[in-house]
Amino acid sequence: MILPDMEKLFQDKIDAEIKIEPKDWMPEGYRKNNIRQISQHAHSEIVGMLPEGNWIGRAPSLKRKAILLAKVQDEAGHGLYLYSACETLGISREETINDLHSGKAKYSSIFNYPTLSWADIGAIGWLVDGAAIMNQVMLTRTSYGPYARAMVRICKEESFHQRQGFESLLVLSKGTEEQKAMCQDAINRWWWPALMMFGPRDSESSNSDQSMKWKIKRKSNDELRQQFVDMIAEQIKVLGMRLPDDNLKWNEERKHYDFGEIDWKEFWEVVKGNGPCNKQRLEARRKAWEDGAWVREAAKPPTPKGE
Ligand code: FAQ
């Protein structure tokens, strides 16, 4: 009997745009790469609640507080969908979370920056959620079924997040001189870290080639970053603010905006754990996990009789 070439059949399925489901055969590398990306994505959602959570108690009005509360809760929900998608690949929730707490697993560099003023909350909505959506729309078509389906719902919520962030900055940009300055300062601080969210340059992206072949990723880091710059460079005009990049300029030939060089040294330092808030973020997550031990204990199903 000739054994089927499973790797080839698998790739044929991917090429035919058929989704891979949890019980389907898959190469070990595909399973591991998805666990890596989905769990890092889940951790980003959960750690991403911290910088914004910092302003829930200090939101300037009841309306802004209610919006922020809902947004932060949405991020928790995104984390849950993603941890669940990850579990379908045969890894337990505890293991994934332990990897975050031990520093083995990564999460997005962006959440290692502090939120210093109320305008930062608007800037996160507009720029951080904006960058997240740019990347996540392609993930609604990722090849792993549970991840793709989770992303559809997440993207709907992220679009609302981005709109509310922009609207919040728009109000500040039409306010007093002090409010305008606060708005510009937040944009100055969040712009470059937002560009770093898309990951290293394509030439230095270790996972991209394989992830594109398996259609886990559909667009490259640089492609998405460029799309984001093109979108924001237009939207900033409505705010009447400026992006902190003297090299930002429309290139008629390329039909894209040119932009300045990202500080890659800073990016890798943050990824390695040396950003302004890395330690604080991990400590907060570890503490939340320890404080919640009694809830997990209470929620455990009872042991069946006779065991
Ligand atoms: N930060 O080979 P590549 C959000 C790592 S969700 C830290 O290019 P890949 C919602 C990368 O893991 C934001 N590390 O990697 C929200 C790899 O290391 P590894 C998160 C980074 O996977 C909003 C190494 O560098 N979104 O914001 C970063 O092909 C507001 C080489 O890189 C997702 O996770 C980074 N920025 O492409 C929540 C989307 N970039 O793992 C609260 C799903 C790269 O080999 C408030 N993920 N690295 O040790 C993806 O699409 C991809 O994983 C990329 C990176 C595009 C992020």
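Here the structure is a predicted model, which is why all the values come from computation and not from measurement.

Asks: Any details on the overall build of the protein chain? Residues and values, ideally.
Replies: Broken down by element type, the protein chain carries 13 helices and two strands. Against the compact-globule benchmark of 19 Å for 307 residues, the protein chain has a radius of gyration of 21 Å, which places it among compact chains. The principal-axis extents of the C-alpha atoms in the protein chain amount to approximately 75 × 55 × 30 Å. Every one of the 307 residues in the protein chain was classed for burial, and the buried ones make up 49%. As displayed, the protein chain has an accessible area near 15800 Å², and 57% of this comes from carbon and sulfur atoms. Side-chain charges of the protein chain comprise 45 positive and 45 negative groups, with the mean position of each set lying 3 Å from the other.

Asks: Give me the site of the ligand: which residues, what numbers.
Replies: Of all residues adjacent to the ligand, which total 36 residues, the nearest are Arg-36, Lys-106, Ser-205, Lys-217 and Asn-221. Measuring from an oxygen atom of the ligand, one finds a side-chain N or O atom of Arg-36 at 2.8 Å. At 2.8 Å, a side-chain N or O of Asn-221 approaches an oxygen atom of the ligand. Compared with its free state, where it exposes 1100 Å², the ligand has 91% of that area covered by protein. Breaking the shell around the ligand down by element, the ones donating at least two residues are helix H2 (28–47), helix H4 (62–87), helix H6 (119–139), helix H7 (145–173) and helix H11 (264–274). Looking at the shell around the ligand, its residues break down into 13 nonpolar, 14 polar and nine charged.

So, how was this worked out
Residues numbered from 1 in each chain as written. Predicted model: local features only at pLDDT ≥ 70, side-chain atom pairs only at ≥ 80, totals over all residues. Heavy atoms only, no water. Helix = DSSP H or I, 4+ residues; strand = E, 2+ residues; numbered from the N terminus. Rg over C-alpha atoms; globule rule 2.2 N^0.38 Å. Buried < 20%, exposed > 50% of the residue type's maximum accessible area, 1.4 Å probe, protein only. Areas by Shrake-Rupley, 256 points an atom, 1.4 Å probe, with all protein chains shown as cover. Lys, Arg positive; Asp, Glu negative; His and termini not counted. Charge placed at Lys NZ, Arg CZ, Asp CG, Glu CD. Near = heavy atom within 4 Å. Polar contact = N/O pair within 3.5 Å; in protein donor to acceptor, adjacent residues only side chain to side chain. Nonpolar A, V, L, I, M, F, W, Y, C, P; charged D, E, K, R; others polar.

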